[in-house]
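Structure at a glance
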Amino acid sequence: MKTVLRRALAVNVLCVLALLAYEVRACTTVMAGRAATGDGSVLMASSCDGDIMGVIYVMPAHDYGQPTKLPMYWNLPRPKDLAEYAANLRKGYERVGDLSVTKTYRTIILGGNVESMTTGGLNEHGLSIAIEFISMRPGLACKRGVVGPNSNHWTTSLIANGLMRARTAREAIRLIGSMVEQYGFQYYRAPTAGVALPIADPRETWLMEIFGPGESWTPDSAKPGGVWAAQRIPDGHVGCSANRSRIGKIDLADAEHFLASSNVLTLGQELGFCKAGEPLVWHEVYGAPGGRENCLREWRVLSLAAPSLNLKATGDPRLDRYPFSVKPDQPISVGRLMEIMRDGYQETEFDVVRHPAFNPQGKRSPLARPWGPPELFELLGIRPERAISTPSSGYVFIAQLREHLPPPVGNCLWFAYGPAYTSCFAPVYAGVTDLPDAWDQPANFARIDRAQAQWNFRLVYSLANNLRYQDAVRDIQQVIRPAEVRFFESQGQIESLAAEAFRTQGVPAAEKIVTDYSTHCLKQVGYAYHELVDYLMYRYLVGHPEISPPGLPAIEAPMIPGRRQ
């Protein structure tokens, strides 16, 4: 197995500089309770929209045998330029405390550009965590905090600790909350921001939101180092998060649907944000209104789930406040979530593709697009809308979590590098023990590396976005759609086979089946995207479609052991 404990601060300089230009601040997450889906799955779809290219890899489990103190590391400031990066290298990590750990669980880690920046994932027990940057009320930020959602070392990363040390959503919430209260919260990548952590397991899905403790907090104050609350999505409902606080009135008496820090009522009063005796409306006390790009995405997700509600959108975040969750008109499936994550406000008043400039004489131009080069939109006088799907996605995933199957088999991460609208989702099961080399290495930012899956996904997106978008996306969809249909058709067979192996031969046998299957699917997608780059370049960039490959590449049918291929 390849070494995955690659946690050094000294990563490729260009990779770090690429990180400097982006923040995880434009993500979208959709959560569905098990009674809201067609098969009893808990579903969570999320895009990491602040990174150029992400990374997926498997972190092995580790059993220390007894509670063991591990040094906690932190390195600030997050470098803004090459000089600060060089200074951080010389300084090295700062030890900020000790973490007591007995064991960690095997986890499929999702990272933003580099592995040390954990931005989500799925562990061996079916626990999945995503991330949402959210605006925080002024006065809550504190530079003395040393844990955040995704720091540059796993010991101070809340997401990494939740995935590696918890088995259920509630356990992860309490673990993360205790770390915030003990060590102090500070978002490493955006020190004045709060964070939302969508957290799901095979039974429940929750939205946890965390804000700072106030600028005067100190570690020796004997006060919690942050304020947090978590609200459960009802089993029959769909909820979402789109970079602004979504939790409203908190009912601490309802432990089935609310969890919160010990200071949830008192901190706001101490800072003058609310008065004693008043009902606590969380997003009003600790959050900020957000912007047009936040409320429109909330409206779109909830409207796609429950169009019968006829929700209205003005684009004014102070006016547009929507229910925390809604009951969907139809059961939500993995395929439906894929469609939602690819949405660009199609056929709504916010669909910029319908703008007259993109439709001269009533005929849609091949250049019409919902996103793309800002210079094109500026030239045409069009203001693009920030949609659910976006070109800035480093990766998108859909966690499908099911209690009725063994954990290695019943929990699956449908994963795609790059923006959802030009990317194919492939199944990666919780039982995988390794992933293909082309997929699980940090992206090479020194040069375009066609041997890496990230680069081919990125190039496919870039070729579509900067050329004849309408034609190129049509070609890309002809590669994606049949492959995803075949993955769905094969899912029941591979899971039955792996579940039977789990029952009769044990965990390792089931893990081998799902590892081989996931590896095959990823490799086939990777091969096709490598060919797709060449096809698009010949057809739309070189300008000589007659010499392009004779046809679009196809992603081969999944390999099922014992089935004739």
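What comes next is a walk through the structure. (Residues numbered from 1 in each chain as written. Predicted model: local features only at pLDDT ≥ 70, side-chain atom pairs only at ≥ 80, totals over all residues. Heavy atoms only, no water.)

Description of the packing of aromatic side chains
Evaluated as defined, the whole model comprises 19 aromatic pairs. Between Trp414 and Phe488 the ring centres are 5.1 Å apart and the planes differ by 55 degrees, which places this aromatic pair in the tilted class. With Trp414 in strand E17 (residues 411-417) and Phe488 in helix H12 (residues 469-505), the pair connects residues that are 74 residues apart, well separated along the chain. The class of Trp414 is buried, set by a relative accessible area of 1%. Overall, Phe488 belongs to the partly exposed group, its relative accessible area being 30%. Taken together, a centroid distance of 5.6 Å and an interplanar angle of 70 degrees make the contact between Trp439 and Phe457 edge-to-face. (Phe/Tyr/Trp six-rings, centres within 6.5 Å; stacked < 30°, edge-to-face > 60°. Helix = DSSP H or I, 4+ residues; strand = E, 2+ residues; numbered from the N terminus. Buried < 20%, exposed > 50% of the residue type's maximum accessible area, 1.4 Å probe, protein only.)

Quick look at the side chain of Arg246
Topologically, Arg246 is positioned in the loop between strand E13 (238-241) and strand E14 (258-260). Taking the relative accessible area as the measure of exposure, Arg246 reaches 3% and is therefore buried. Excluding its chain neighbours within four sequence positions, the residues that come into contact with Arg246 are Leu207, Glu209, Cys240, Ser241, Glu298, Leu302, Arg321, Tyr322, Pro323, Phe324 and Ser325. (Contact = heavy atoms within 4.5 Å.)

Concerning the pattern of salt bridges
Within the structure shown, the criterion is met by 25 salt bridges. Of the charged contacts in the structure, one is a salt bridge between Arg203 and Glu403, with a shortest N-O distance of 2.9 Å. Note that Arg203 is positioned in the loop between strand E10 (193-200) and strand E11 (205-211) and Glu403 in the loop between strand E16 (395-401) and helix H10 (407-410), a separation of 200 residues in sequence. Taking the relative accessible area as the measure of exposure, Arg203 reaches 41% and is therefore partly exposed. Arg503 is the partner of Glu500 in a salt bridge, and the nearest nitrogen-oxygen pair spans 2.7 Å. Of this pair, Glu500 and Arg503 both sit in helix H12, three residues apart, which is roughly one turn of that helix. Take Arg503: its relative accessible area is 61%, and that puts it in the exposed class. Via salt bridges that share partners, Arg34, Arg170, Arg203, Glu204, Arg232, Asp235, Glu256 and Glu403 belong to a single interconnected network. (Salt bridge = Lys/Arg side-chain N within 4 Å of Asp/Glu carboxyl O.)

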